[in-house]
Amino acid sequence: MFTLPDLPYEYNALELVISEEIMRLHHTKHHQAYVDKLNAAVSQVPELTGRSIIELMKSLDQVPESVRTAIRNQGGGHYNHSLFWTIMTPDGTEGPAGKLQEDIVAKYGSFDEFVAQFNQKALTLFGSGWVWLTPDLEILAQPNQDNPLMQGGEEPLMGLDVWEHAYYLDYKNKRDDYIQNWWKLVNWSVIEQRYGK
Ligand code: MN3
């Protein structure tokens, strides 16, 4: 059985950028619902019992068709949000630093250019979805609850939720403001650790 992970901070801790109301709804309602529906789908197929969420994401093509869409959407929702909570922290952190910083600059020319390209993908993603930074430092926009693991990729370093439920109560239709503000919360120490793995 999959369970809802605790947030690594209080619900009101990100209010610089994201209100307590959004955080509570997002975690206790949206993420909880992905967990519940994922468990319901997995319970229909005994052979899937005991598989980790990463294994499920990486082997969707081997999951029986009867539950494949459910596991893609609900399992994706569970994996994506579990990562999302960890890469934010109340006041953000300085960063990135070290090898991650060097490699981002080598690839994009500057950190600001990297942020600009990431923001552009987040702003222009039509409908609901996520923008990811992959371990080879590609910026990837994917619809719905899809993630790079489903395409044979490795675990992303970080991701930004651009579903309206992530920002609408605070930002209404101004996705651009949410995206720009979100960088204030990014926990680069966690992302650097993920990059080092
Ligand atoms: Mn969400």
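Residues numbered from 1 in each chain as written. Predicted model: local features only at pLDDT ≥ 70, side-chain atom pairs only at ≥ 80, totals over all residues. Heavy atoms only, no water.

### Structural notes on the coordination of the manganese ion
Between any two of four tetrahedral donors, the ideal angle at the metal is 109.5 degrees; between two of six octahedral donors, it is 90 or 180 degrees.
Working step 1: Looking at the metal site, the manganese ion is ligated by His26 (NE2), His81 (NE2), Asp161 (OD) and His165 (NE2), spaced 2.0 to 2.2 Å from it.
Working step 2: Written as a sequence motif, the donor arrangement for the manganese ion is H-x54-H-x79-D-x3-H. You can see His81 sitting in helix H3 (residues 65-86) and its partner His165 sitting in the loop between strand E3 (158-161) and helix H6 (168-171), a full 84 residues away along the chain.
Working step 3: Judged by its relative accessible area of 19%, His165 is buried. (Donors = N, O, S within 2.8 Å, 3.2 Å for Na, K, Ca; no water. Helix = DSSP H or I, 4+ residues; strand = E, 2+ residues; numbered from the N terminus. Buried < 20%, exposed > 50% of the residue type's maximum accessible area, 1.4 Å probe, protein only.)

### Section: helix H8 (residues 188-196)
Working step 1: Residues of H8 that are buried include every one of Trp188, Ile191 and Tyr195, and no others. What you see down the axis of H8 is that its buried residues fit within an arc of 60°, all on one side. Exposed side chains of H8 directed beyond 90 degrees from the buried face belong to Gln193 and Gly196.
Working step 2: Packing partners of the buried residues in H8 comprise helix H4 (98-108), helix H5 (111-124) and E3. (Arc of directions from axis to C-beta. Contact = heavy atoms within 4.5 Å.)

### Points about the sheet that holds E3
Working step 1: Spatial strand order, E2-E1-E3: three strands in an open sheet with antiparallel pairing. Because the sheet does not close on itself, it has two edges, and the strands there are strand E2 (139-143) and E3. Put simply, the sheet's adjacent strands are angled 20° from each other on average, direction ignored.
Working step 2: Relative to E2, strand E1 (residues 129-133) runs antiparallel, the two sharing five bridges. Pairing of Leu133 across the sheet is with Ile139, part of E2. (Pairing = 2+ DSSP bridges. Axes fitted to C-alpha atoms, helices over the stretch in contact; angles between N-to-C directions.)

### A word on unusual backbone geometry
Working step 1: Put simply, Gly95 and Pro96 share a cis peptide bond, and its omega is 0°.
Working step 2: On the secondary structure map, Pro96 appears in the loop between H3 and H4.
Working step 3: You will see that Asn144, though not glycine, has its phi angle at about 55°, which is positive.
Working step 4: Within the element layout of this structure, Asn144 appears in the loop between E2 and E3.
Working step 5: With relative accessibility at 40%, the residue Asn144 sits in the partly exposed group.

### Quick look at the nonpolar core
Working step 1: Counting 62 residues, the largest nonpolar core has Ile71, Phe114, Phe118, Tyr178, Trp182 and Trp183 as the members making the most contacts within it.
Working step 2: At seven residues, the largest contribution of residues to this core is made by helix H1 (residues 20-42).
Working step 3: When residues of this core are assigned to domains, at least three fall in each of domain 1 (20-86) and domain 2 (98-196).
Working step 4: Ignoring anything within four residues of it in the chain, the contact list for Trp183 reads Phe114, Val115, Phe118, Asn119, Met158 and Trp188. (Core = buried A, V, L, I, M, F, W, Y, C linked by side-chain atoms within 4.5 Å. Domains from an automatic or database assignment.)

Keep in mind that these numbers describe shape and distance, not what the molecule does.
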